[in-house]
Amino acid sequence: NTMSTRIPVTIDGNLTADPEVGRAENGTDWTRLRVAVNDRRLNEQTQEWEDAGVVFHDVVAFGSQARHAASSLRKGDAIIAAGEMQFSTYVDKQGQEREGRQVLANTVGASLRYNDVEVNRNPKARGPEAYATGPSATPVADSGAALTR
């Protein structure tokens, strides 16, 4: 029996390892990212920023986002992830009740706070006719747009 609670969360941190990849029994690709989030605070006496601890999070992405994260991100990269923090309890193989948490990612990306990032766009289908099943707007040189089939 598993009990879980989910809370919306955004984390900004660094990967502590290369992405771990896998495929679920239903064929869905997944990627697990281990992220260190450093807490920094201003020391009011010295007026300098100091490390105030680190928290580690597991972030899990699915489908095409999982494939993109696995091919794009590496250990040490600064990332930002938004999704739901899932807290759960489970019984391990020894019969002991355990607690766990992970972020189920809706969005994962490289953080631009301290880094430049190059975006490689995937090619898109050409023109509206690639997906259109009914009328679609097509640009016309002199008059704006016309309705075509």
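Residues numbered from 1 in each chain as written. Predicted model: local features only at pLDDT ≥ 70, side-chain atom pairs only at ≥ 80, totals over all residues. Heavy atoms only, no water.

With that settled, the discussion passes to the pairing of strand β4 (residues 48–62). As paired elements, strand β3 (residues 29–43) and β4 share 13 bridges and run antiparallel to each other. Across the sheet, residue V35 finds its bridge partner in β4, namely H57. Here β3 folds back onto β4, and the loop between the two strands holds 4 residues, one of which, Q47, carries a positive phi near 60°. Where β4 meets strand β6 (residues 97–110), 2 bridges bridge the pair, whose relative direction is parallel. In the strand pairing of β6, V59 is matched with V103. (Pairing = 2+ DSSP bridges. Helix = DSSP H or I, 4+ residues; strand = E, 2+ residues; numbered from the N terminus.)

Here we take up the pattern of salt bridges. Between side chains of opposite charge, pairing is possible as soon as their charged atoms come close. The full count for this structure, using the stated rule, is 8 salt bridges. Its salt-bridge partner being D12, residue R113 comes within 3.1 Å of it at the nearest N-O pair. In this pair, R113 sits in the loop between β6 and β7 (136–140) while D12 sits in strand β1 (residues 3–15), placing the two residues 101 residues apart along the sequence. We note a salt bridge from D92 to R98, for which the minimum N-O separation is 2.9 Å. Within this structure, R23, D29 and R67 form a network of salt bridges that share partners. (Salt bridge = Lys/Arg side-chain N within 4 Å of Asp/Glu carboxyl O.)

Of all the positions in helix α1 (residues 63–72), only G63, Q65, A66, A69 and A70 are classed as buried. Buried residues along α1 cover an arc of 140° about the axis, so they all sit on one side. The exposed set on the far side of α1, more than 90 degrees from its buried face, consists of S71 and S72. Contacts from the buried residues of α1 go to β2 (20–23), β3, β4 and β6. (Buried < 20%, exposed > 50% of the residue type's maximum accessible area, 1.4 Å probe, protein only. Arc of directions from axis to C-beta. Contact = heavy atoms within 4.5 Å.)

Before going further, it helps to spend a moment on the environment of D29. Secondary-structure assignment places D29 in strand β3. Taking the C-alpha atoms as reference, D29 lies 8.5 Å from A61; in sequence the two are 32 residues apart. Reaching out from D29, the side chain makes a polar contact with the side chain of R67 at a distance of 2.7 Å. (Polar contact = N/O pair within 3.5 Å; in protein donor to acceptor, adjacent residues only side chain to side chain.)

This part covers the pairing of β2. When β2 meets β3, the two strands line up antiparallel, connected through 4 bridges. Across the sheet, E20 pairs through a bridge with R32, a residue of β3. Counted along the chain from β2 to the antiparallel partner β3, the turn is 5 residues long, and its residue G27 has a positive phi close to 95°.

Turning next to the confidence of the model for the protein chain. Averaged over all residues, the pLDDT of the protein chain is 83; the fraction at 70 or higher stands at 79%. The secondary-structure element of the protein chain with the lowest mean pLDDT is strand β8 (residues 144–148), recorded at 43, while β2 shows the highest, at 96. Contacts of residues 134–149 to residues separated by more than four positions or lying in other chains number 17 contacts, the stretch itself having pLDDT below 50. (pLDDT = per-residue confidence, 0-100.)

Here F62 is to be found in strand β4. Of the residues examined, F62 reaches a relative accessible area of 44% and is grouped as partly exposed. In this structure F62 touches T28, D29, W30 and L104, once residues within four positions along its chain are discounted.

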